[in-house]
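For reference, the chains in residue letters:
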Amino acid sequence: MKKENRWLIKAVSLILSASLFVCAFASCTKKEQEEEITRGTAPITPPTGYAEPSEYHGEPTTDPAATKSQTTVTAKAASTASHAATNSAQSVILPDEKANEAVEEAAQKGGTSAADIAQFVAIMGYDYDPKQGIFYTSLDNWQRQGNFVAHYDTAAHYINMNYKTIRIDFGPCEGLNWRMQLWKGEYGVFGGCEAGIYTSDPDKNKMLYTATDNDHMLQWESALYLSRSDFKNSNPWFYREWQTHWWLTGFKSGVVNPEEIVMYLHVRMRSAQMANEFEQALLTSGYKKASMGPAPSRRQVEEKMDIDTFCRSLNDFYIVWEDLGELNYVQRTG
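A closer look at the sheet that holds strand β13 (residues 316-321)
Here we have six strands laid out as an open sheet, ordered β8-β7-β10-β13-β12-β11, and mixed in their pairing. Only two strands of the sheet have a single neighbouring strand rather than two, namely β8 (238-245) and β11 (288-289). Summarising the sheet, β11 and strand β12 (residues 309-313) pair through two bridges and their orientation is parallel. If you follow Lys288 over to β12, its bridge partner there is Thr309.

Structural data, given as structure tokens:
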């Protein structure tokens, strides 16, 4: 297959992926940016049949995170939610009762059809943690096979996804260049955060970053706080437990301010060499190094570390993020 044809297929895949978000929350306005891929390379094959919900006007929530218990929203939800939306605009059918309640709550706050939200959740392949009331992406989410171009971050604003993001490039390690990208902000009717790890082959295409395979994933955990005060008072909005993953995410019903929410990330590099490269990349990205004891707890980080700092303990990094990076929208003034 010619190189031009391969890029054409990727472009079509990107358009299909973006259209899901367009149908979920609003219409999309085109905006030119550089082309840079930061997620997987295979064509996207999502489920079909998603209906467009109404505009969201939600209110912030303040409940803290609870436990690590999780319940899986299975692939069956895609067909049942689609059937529900077809037969009744008010019906919600997800495999987990608590997930349905979370969807109903989001609908009541946002003026959006609960059936539309349930169908969106099913199509995106989200799982659900009933204790914390958060949706999150599973390890083998279909989006792992899709592409993510850098200008999606800008285009996302036009489909009601407003967030701050930062890219941390490092390497080469293990024969690969690495990129960690963080996001935090509003995702339609949800507030949330993401941490993804991607690699590129420096001998093939330095600009082509794809989601890591199973042999190169990282171990990490994260937490999201609605404000600096919540961070210092150990009051996380939600928490993602320690696990091996390529894309650690969490989304919860409510309105957040992308510039005020604080993200905590604890991540373990795969080797001392990788840790050294990552540390230098954090410094280059603007993070300041903090002094902490070995293997600090999350509570110790909350008490002693400042915003936009990190500390290192062997190959483990503890990162507190708020201000660094860039918004995917123009901030209003006055």
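Describing the pattern of salt bridges
Pairs can form between side chains of opposite charge whenever their charged atoms are close. Taken as a whole and assessed by the stated rule, the structure comprises 14 salt bridges. For Glu279, the salt bridge identified is with Arg312, shortest N-O distance 2.7 Å. A residue pair is termed long-range when its members are at least 10 positions apart, and Glu279 in helix α7 (residues 272-285) and Arg312 in strand β12 qualify at 33 residues. One salt-bridge network, held together by shared partners, links Arg298, Arg299, Glu302 and Glu303.

Quick word on the packing of aromatic side chains
Across all of its chains, the model carries 12 aromatic pairs by this definition. Taken together, a centroid distance of 5.9 Å and an interplanar angle of 40° make the contact between Trp237 and Phe238 tilted. Residue Trp237 is classed as buried on the basis of its relative accessible area, which comes to 1%. Overall, the relative accessible area of 0% leaves Phe238 in the buried class. Above the face of the Tyr209 ring, Arg179 is positioned so that its terminal group lies 4.4 Å from the ring centre. A cation over a ring is seen here: Lys184 above Trp321, with NZ or CZ 5.1 Å from the ring centre.

Examining unusual backbone geometry
Cis rather than trans, the peptide bond between Gly171 and Pro172 has omega equal to 10°. On the secondary structure map, Pro172 appears in strand β3 (residues 161-173). Positive phi, close to 55°, is recorded for Glu174, a residue that is not glycine.

Topic: the nonpolar core
Phe135, Met180, Leu182, Val267, Met269, Phe278 and Tyr287 are the most contacted members of the largest nonpolar core, which has 67 residues in total. Residues contacting Leu182, with those up to four places away along its chain left out, are Lys164, Thr165, Ile166, Glu194, Ala195, Met263, Leu265, Tyr287 and Trp321. Residues Phe231, Val262, Ala290 and Cys311 belong to the second largest nonpolar core, which totals 13 residues.

So, the pairing of β12
Of all the five residues making up β12, four are buried; the element is thus mostly covered by neighbouring parts of the structure. Regarding topology, helix α8 (residues 298-304) serves as the crossover connection from β11 to the parallel β12, and that connection is right-handed. Across five bridges, β12 lies against β13 in antiparallel orientation. Looking at the pairing, Arg312 lines up with Phe317 of β13.

A look at helix α4 (residues 114-124)
Of all 11 residues in α4, 11 are buried; the element is thus mostly enclosed. Following α4 by one or two positions, Gly125 has its phi on the positive side, about 75°.

Topic: the pairing of strand β4 (residues 176-187)
Where a strand is regular, its side chains alternate between the two sheet faces. Counting buried positions along β4 yields 12 of 12 residues, so the element is predominantly enclosed. As paired elements, β3 and β4 share 11 bridges and run antiparallel to each other. The residue of β4 that forms the bridge with Lys164 is Lys184. In sequence, β3 turns back onto β4 through a hairpin of two residues, with Glu174 there showing a positive phi of about 55°. With 11 bridges joining them, β4 and strand β5 (residues 190-200) adopt antiparallel strand pairing. Residue pairing for β5: Met180 is matched across the bridge by Ile197. The turn joining β4 and β5, which pair antiparallel and follow one another in sequence, is formed by two residues; a positive phi near 65° is taken by Gly188.

What counts, and where the lines are drawn
Residues numbered from 1 in each chain as written. Predicted model: local features only at pLDDT ≥ 70, side-chain atom pairs only at ≥ 80, totals over all residues. Heavy atoms only, no water. Pairing = 2+ DSSP bridges. Helix = DSSP H or I, 4+ residues; strand = E, 2+ residues; numbered from the N terminus. Salt bridge = Lys/Arg side-chain N within 4 Å of Asp/Glu carboxyl O. Phe/Tyr/Trp six-rings, centres within 6.5 Å; stacked < 30°, edge-to-face > 60°. Buried < 20%, exposed > 50% of the residue type's maximum accessible area, 1.4 Å probe, protein only. Lys NZ or Arg CZ within 6 Å of the ring centre and 35° of its normal. Core = buried A, V, L, I, M, F, W, Y, C linked by side-chain atoms within 4.5 Å. Contact = heavy atoms within 4.5 Å. Right-handed = clockwise from strand over helix to strand, strands pointing away.

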